[in-house]
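The lines below spell out each chain.
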Amino acid sequence: MSREFSALRRVVVKIGSNLLSDRSGVNVERIRQVVGDLVTLHDRGLQVTLVTSGAIGLGAKELGRTSAVKQTALRQACAAIGQPVLMSHYRAAFTEHGKICAQVLITRGELNERRTFVNLKNSVSSLFELGVIPIFNENDVVSTAEIGTAVGDNDRLSAFVASKIDADLLILLTDIDGLYTGDPKRDPHAKLLTDITKVDDQVLAYAGSAGSMFSTGGMKTKLLAAKIAANGGCATVITSGYEANALVRICDGEPLGTYVHPHKRMHQRA
């Protein structure tokens, strides 16, 4: 089934920790590639938003940690260390193109509480009007599951953001081509599912649960994110962040990755 994206107005892109990390700490070239694609879309007149992971992993590497960070207080400390490092790389990459980016740190409370959500939506609209690219991340320094403020992972955060700002398309960049019927590394008969009309139990059953050492996501969280986005009237594409110019090619209608259809949009009340 063809993908018709000619009427796109607003796009949210999420990139995970596994794509951003390398032995030195952060994969600067990957950031530059993603930013280059975002700038191309921005120059076409699209309103683009980035949701990025990586702060905890970068902070852990700054501290010389080589194992997964599980303790809540240490994860918060790593986030505090890694967030400015992460943003400095994004700022440098956007500056090369003469673009301004903005940092937006949020918790579940900002998305759930009506007054703060409306303020957030107005702030993002102002950034768009100014030609600025918002970069979202969960505020891991103060956001924890224990106190009920955590979204849980940036896949779902990106879906909530996409729904709340009435985005037309959510693109989840990961380290695999999309959703397969099995593990393509182990099952030679596994097939890529390129078109999904509904995220149901059958579709979720195809998803594994593994993420990278410092990430909290996996294919299941991406499908759950796509389901959230679909309920908000937003389409989703799950694809590999290793594909050259993936964002531009997707918006041009090229059938990369797995496409999850949107449901009828339920407009947010102003």
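A few points about the pairing of strand β7 (residues 235-240)
Counting buried positions along β7 gives six out of six residues, so the element sits mostly inside the fold. Of the pairings in the sheet, the one linking β7 to strand β8 (residues 258-260) comprises three bridges and is antiparallel in character. Within β8, the residue paired with Val-237 across the bridge is Tyr-259.

Looking at the sheet that holds strand β5 (residues 169-174)
Taking strand neighbours across the sheet as the criterion, the eight strands line up as β3-β4-β2-β1-β5-β7-β8-β6 in an open arrangement whose pairing is mixed. Unpaired on one side and paired on the other, β3 (101-106) and β6 (195-196) mark the two borders of the sheet. Both strand β2 (residues 47-52) and strand β4 (residues 133-138) contribute to a ladder of two bridges, which runs parallel. Bridge pairing in β4 places Leu-50 opposite Ile-135.

A look at the side chain of Arg-3
Take Arg-3: it is sitting in the segment before β1 (10-15). Although buried, Arg-3 forms no salt bridge, and the nearest oppositely charged side chain, Asp-195, lies 5.5 Å from it. Within the local environment of Arg-3, its side chain forms a polar contact with the backbone oxygen of Leu-256, the two atoms lying 2.7 Å apart. Polar side-chain contacts of Arg-3 include one of 3.2 Å to the backbone oxygen of Gly-257. Other than its neighbours up to four places away in sequence, Arg-3 contacts Thr-194, Val-237, Gly-253, Glu-254, Pro-255, Leu-256, Gly-257, Thr-258 and Tyr-259.

Focus on the environment of Tyr-259
Along the chain, the position of Tyr-259 falls in strand β8. Accessibility expressed as a relative area gives 8% for Tyr-259, which makes it buried. Aside from chain neighbours lying at most four places away, what touches Tyr-259 is Arg-3, Phe-5, Thr-194, Asp-195, Ile-196, Ala-235, Thr-236 and Val-237.

Considering unusual backbone geometry
Despite not being glycine, Asp-166 shows a phi value in the positive range, around 60°. Looking at the secondary structure, you find Asp-166 in the loop between α7 (154-164) and β5. What makes Asp-166 buried here is its relative accessible area of 13%. One non-glycine residue, Asn-245, lies in the positive phi region at around 55°. The residue Asn-245 is located in the loop between β7 and α10 (246-251) in this model.

Digging into the environment of Ile-31
For Ile-31, the position within the fold is in helix α2 (residues 28-43). When the C-alpha positions of Ile-31 and Ile-15 are compared, they lie 9.4 Å apart, and in sequence the two are 16 residues distant. Leave out the neighbours within four places in its chain, and Ile-31 touches Leu-20, Val-26, His-89, Tyr-90 and Ala-93.

Re the pattern of salt bridges
By the definition in use, this model includes nine salt bridges. Here Lys-14 and Asp-155 are joined by a salt bridge, their closest N and O atoms 2.9 Å apart. Within this pair, whereas Lys-14 is found in strand β1, its partner Asp-155 is found in helix α7, the two being separated by 141 residues in sequence. Between Asp-155 and Lys-222 there is a salt bridge; the shortest N-O distance is 3.1 Å. Taken together, the positions of Asp-155 in helix α7 and Lys-222 in helix α9 (residues 219-231) put the pair 67 residues apart, joining distant regions of the chain. When its relative accessible area of 1% is taken as the criterion, Asp-155 is described as buried. One network of salt bridges, in which partners are shared, links Lys-14, Asp-155 and Lys-222.

What counts, and at which threshold
Residues numbered from 1 in each chain as written. Predicted model: local features only at pLDDT ≥ 70, side-chain atom pairs only at ≥ 80, totals over all residues. Heavy atoms only, no water. Buried < 20%, exposed > 50% of the residue type's maximum accessible area, 1.4 Å probe, protein only. Helix = DSSP H or I, 4+ residues; strand = E, 2+ residues; numbered from the N terminus. Pairing = 2+ DSSP bridges. Lys, Arg positive; Asp, Glu negative; His and termini not counted. Salt bridge = Lys/Arg side-chain N within 4 Å of Asp/Glu carboxyl O. Polar contact = N/O pair within 3.5 Å; in protein donor to acceptor, adjacent residues only side chain to side chain. Contact = heavy atoms within 4.5 Å.

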